[in-house]
Every structure is written in C-alpha cells, then in structure tokens.
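Report on the structure
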Amino acid sequence: MLFKDQLQFVFQHMKKNKLRVTTTILATMIGCAFLIVLASIGFGIQSTMQNEILNREEITEIQLWGEEELTKEDEQWIQSLDHVNVILSKADLPGSVEGVFEERESISTGLLIDMEAQQKLPNTLSAGKLPKTGEEIVVGYHFAQNLLNEDDKQAIQEKSQEAAANDSWYDGSDEGYKGDLIGKEISLTLPIDENGTVAEQRTFKIVGIWKEPSYEWYQDTTIYFNEKVKTLYEELLVYPNSTIYVDSLEYVIPVLEQLKEKNYPVFSVVEQLEQMNMFFTVLKLGLIFVGTIAVLIASIGIFNTMTMAVTERTREIGVLKAIGASPNIIQRLFLMESAFIGLIGTVLAIALSYIISLTANALLPHILAFAMSQEDLSEMDIVFSAIPISLVLMAGSISLAVAILSGWRPARKATKIEVIQALRQEL
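What counts, and at which threshold
- Residues numbered from 1 in each chain as written.
- Predicted model: local features only at pLDDT ≥ 70, side-chain atom pairs only at ≥ 80, totals over all residues.
- Heavy atoms only, no water.
- Helix = DSSP H or I, 4+ residues; strand = E, 2+ residues; numbered from the N terminus.
- Rg over C-alpha atoms; globule rule 2.2 N^0.38 Å.
- Buried < 20%, exposed > 50% of the residue type's maximum accessible area, 1.4 Å probe, protein only.
- Contact = heavy atoms within 4.5 Å.
- Polar contact = N/O pair within 3.5 Å; in protein donor to acceptor, adjacent residues only side chain to side chain.
- Core = buried A, V, L, I, M, F, W, Y, C linked by side-chain atoms within 4.5 Å.
- Patch = residues over 30% accessible without salt bridge, like charges linked within 9 Å, V, L, I, M, F, W, Y side chains within 5 Å.
- Areas by Shrake-Rupley, 256 points an atom, 1.4 Å probe, with all protein chains shown as cover.
- Salt bridge = Lys/Arg side-chain N within 4 Å of Asp/Glu carboxyl O.
- Lys, Arg positive; Asp, Glu negative; His and termini not counted.
- Charge placed at Lys NZ, Arg CZ, Asp CG, Glu CD.
- Phe/Tyr/Trp six-rings, centres within 6.5 Å; stacked < 30°, edge-to-face > 60°.
- Axes fitted to C-alpha atoms, helices over the stretch in contact; angles between N-to-C directions.
- Left-handed = near helix turned anticlockwise from the far one by under 90°.
- Nonpolar A, V, L, I, M, F, W, Y, C, P; charged D, E, K, R; others polar.
- Pairing = 2+ DSSP bridges.

Focus: the overall build of the protein chain
Across its full length, the protein chain carries 11 helices and 12 strands. Taking 22 Å as the expected radius of gyration for a compact globule of 427 residues, we find that the protein chain reaches 35 Å, considerably beyond that expectation. Once the C-alpha set of the protein chain is aligned to its principal axes, its extents read approximately 115 × 55 × 35 Å. When the 427 residues of the protein chain are sorted by exposure, 44% land in the buried category.

Describing the environment of T346
Relative to the helices and strands, T346 resides in helix α9 (residues 327–371). The buried category is assigned to T346, whose relative accessible area is 5%. Along the sequence, T346 and I192 sit 154 residues apart, while their C-alpha atoms lie 69 Å from each other. Not counting the four nearest positions on each side in its chain, T346 is found in contact with C32, G396, S399 and L400. Within the local environment of T346, its side chain forms a polar contact with the side chain of S399, the two groups lying 2.9 Å apart.

Brief notes about the nonpolar core
The nonpolar side chains of a soluble globular protein tend to be buried with one another. Counting residues in each nonpolar core, the largest one holds 26 residues, and the members touching the most others are I137, L181, L188 and F225. At the level of elements, β3 (97–101), β7 (136–139), β8 (185–189), β9 (202–210) and β10 (223–226) are the ones that each hand at least two residues to this core. Per element, the largest residue contribution to this core is three residues, and it comes from β9.

Notes on a positive patch on the surface
On the surface, R409, R412, K413 and K416 cluster together into a positively charged patch. Positionally, R412 belongs in helix α10 (residues 389–415). According to the relative accessible area criterion, R412 is partly exposed, its value standing at 35%.

Some words on a nonpolar patch on the surface
Taken together, the side chains of F34, F289, V290, I293, I297 and I300 present a nonpolar region at the surface, about 580 Å² in accessible area. Looking at the nonpolar patch, the element that brings in the most residues is helix α7 (residues 269–312), giving five residues. Locating F289 in the fold gives a position in helix α7. A residue is classified by how much of its surface remains accessible, and F289, at 56% relative accessible area, is exposed.

Some thoughts on the packing of aromatic side chains
Scanning the entire structure with this criterion turns up six aromatic pairs. Between F101 and Y177 the ring centres are 5.0 Å apart and the planes differ by 90 degrees, which places this aromatic pair in the edge-to-face class. Taken together, the residues F101 in strand β3 and Y177 in the loop between α5 (150–165) and β8 connect sequence positions 76 residues apart. Accessibility expressed as a relative area gives 3% for F101, which makes it buried. The buried category is assigned to Y177, whose relative accessible area is 14%. Ring geometry for F204 versus F225: centroids 5.5 Å apart, planes at 75 degrees, classification edge-to-face. One end of the pair, F204, is in strand β9; the other, F225, is in strand β10, and 21 residues separate them in sequence.

Notes on the packing of α7 against α9
Across the interface, α7 lies against α9 with an axial gap of 11 Å and an inter-helix angle of 145 degrees. Handedness of the crossing formed by α7 with α9: right-handed. Residues I302, T305, M306, A309 and V310 of α7 form the contact with α9, whose own contacting residues are F334, E337, S338 and I341. The class makeup of the residues in the contact of α7 with α9 is six nonpolar, two polar and one charged.

Structural notes on the environment of A339
Topologically, A339 is positioned in helix α9. The spatial distance from the C-alpha of A339 to the C-alpha of A414 is 16 Å, given a sequence separation of 75 residues.

A few points about unusual backbone geometry
Its identity is not glycine, yet H83 carries a phi of approximately 75 degrees, on the positive side. Of note, H83 is situated in the loop between α3 (72–80) and β2 (84–92). Taking relative accessible area as the criterion, H83 reaches 30% and is therefore assigned partly exposed. Its identity is not glycine, yet E102 carries a phi of approximately 45 degrees, on the positive side. Here E102 lies in the loop between β3 and β4 (104–108).

Focus: the pattern of salt bridges
Here the structure, examined in full by the defined rule, presents seven salt bridges. In this structure, the salt-bridge partner of K153 is E150, at a minimum N-O distance of 3.9 Å. Remark: E150 and K153 occur in helix α5; sequence separation between them is three residues, near one turn of the helix. A relative accessible area of 33% means that K153 is categorised as partly exposed.

Looking at the pairing of strand β5 (residues 110–113)
Regular strands show a simple pattern: their side chains alternate between the two faces of the sheet. Burial along β5 is two-sided: G110 and L112 facing one way and L111 and I113 facing the other are all buried. The pairing of β2 with β5 spans three bridges and is antiparallel. What sits directly across from A91, in β5, is L112. Bridge count between β5 and β10: four bridges; the pairing is parallel. Bridged to L112 within β10 is F225.

So, the side chain of S353
Within the secondary structure, S353 is located in helix α9. The residues contacting S353, other than those within four sequence positions of it, are A33, I36, V37 and I387.

Read these as spatial facts, not as claims about activity.
Encoded structure:
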C-alpha cells in the first residue's frame, strides 16, 4: 500500500466518525493548551523579574559589605583583577542632615562619595556637575521638593489627611522649592557621631542634581558630598562601603568568584539573577509536570477512540490482511490516525494558548488596577504570561508523543486480529 493510499485510508475513516474524532481533538487541544498556559505563567513572571533586575543601573556592580574601609593594599589587588573598571568608595553619615535655604528647611540623608572615581563612571547627573571640593554638593532629584516652609508643611498635612481618608497617600510633589537650585548656597548642619552630636552649621554650594531614580515610588532627597568634606570635620564619623564596577556583565561572576576566594563579603545582582533563574527553572518544571497530567487525561480519549476504531473495523482489517497487508502496515495506519488527532489538537492548542496569553497580558493590568483601586498598571512592564518557542516545542512534543503512545496499544491489537475470525465475525 502506497503512502498516499495510507493517508487516504486514515482521513476516510476520520471523516466517517467526525463527532467522535472532533471531541477527541478538542480534549487534546484543551489538555495541551492547559499545559502551555500554565507553564507560560512561570515564564511570564520570570521575564518580568529579569527585566526589573536588568533595568537597574547596578547590573555590573559588585557590592562589598562590611563597615571597614578598604586598605590601599586591598584596592591595589582588586584593581589588578582583569575587567575591574572602578572601585567607588562611599560613606554614610551617622544621622540626618538639616538644611536651611531661603526661609525653607529640609531634613535629608547624607552620602560621601569619592568623586574622582565617580567621574570615571557614566554620568549620573540630570543637571550640573560633580563637586570638586568639600564645599560643593550635589542634591538628589527630589531634594527641592524636600525644602519646605510653614505653608508647605500645613498644605502637606492637610492633603495627607485627605488622602488617608481615601485609603491613599500624598507624596508632597505640589509643595517645596520650585526654582533652580544649581549655583545656590544652602546652610547645612551635619551629624558627626551616632549620639546625635552635630557640627557647626556651614554653607555649601549646590553644583549638580542627581538623576531621577529608576523607581517611581522612590524619592531621592539625599545630599551627595565630595569625600573631601572630611577635611572640614576632623571628628566626623562615617560608615564606609565600597562598590566595584566591572566593565561588562559577562565578567561580573568571574570577578565575584575571585573576590570570594579572598574572603571578601561581596554581593551582586547578577548572582541574585542566577539564583532566581534556578528557582524559576524548578517552578516551571513543576508547572509543566502539572500541565502534563492534563495531557495524559486527554490521552484517555484518544485511547478510547482508537480502541473503538479497531473494534469497528475488524472486518476491514481482516480484508486488508487477506489481500496481503502486513502487520506493520495495519499498525502504521492506526498510529497515523492517533498521530493526526494529536497533531491537529496540538496546533489548535498552540493558537488558543497565544490568544489566552495575549488577552491575559492586555486585560489583567486593568483588572488588577481596578481591584486594587490604584492607578492604571498598563504602562508598567509586567508580563503575566510569556510563551517562548522552546515552550511551544516542548509542549507540542509531549502532546504528540502522548497521542502516539495512546494509539499504540489499539494498533498492536489490530495487528493480532486473525483474518478468518475477523471475516466470520462480520458474517
């Protein structure tokens, strides 16, 4: 029997039992679609979190923990490592910095930075320049909003109470200083120890504005000092930390491992990303396993359909054998039929999965925003469901394999039918 005749034989019998075959295809489609959509949730959440981490500027950073300042020997050794670009020293002040500017007051955090090292990094300013002396400062992007007079404080209090009554909050963005701060002078009082002792008030010149934070919810009111400010306050206590910048993302882990071998307490978001990927790999395998159960349940329908087909075509099988069809041909005909049922169901399942995935990504942000009584989340980069090609290939392979295996036993049963018995049974 030619392959063309085999195809004609299979399609002819599928047409004869349209309702049964259609319901079996639908069952296969639902099972495979459930597998794809379920696993796509894991891929979608992973994609969202990866984008969140990769969008951070510190993707090539390696943080050094501990309050001990790096020694010159440490810096020389780290700088000697391949692909280490910059070692940036920072230091936190032990308390809040109080500012006075044109009858306005502010309370901010203070951060000392090695501005010479900062100069080697990509520009982090939205306006102005980095300070070169201890008397110059850069302020955070929202610092002006933090400069308040009595009227501003009263307005913020009233608006905050009104927002709280509506289960919301007010960020004070309508108040604060509205002019240009660059080139202006501000009087600051710095804390010099952790007991609340403050130094004598000094005047600093604002020379730059730090760029806007990546996160919309974060308000940056920090005052960034040149580390040379320590020469103005001999008794100033600071909490130092260091950040190592690697020249490319691919070299972060190798540098990190070298630092760990020397027992440096280090951390990198890239390492966090690898740990997260491991977690999501396990999660996706679990979801695929659950989805595969649905495919196995659907395979029962294929098994029943093929078993009934063998029973109903006993006489045809006997005739085929009588005219010389080999058992392999008989088996192949039934396996082809079960494979076609699986193939059609899988193709429909893939199309249905993409429709469900696109619909979910389009509608769920609006539904969540409505349910949470928050502003529209549609502009946020949130992916609820993602279907990569690898998932389609894997789910399709599982569905097809299960469909063929479901038809295997009925096909084997068909090969064992005796010719005479089959013809006599029909008579």
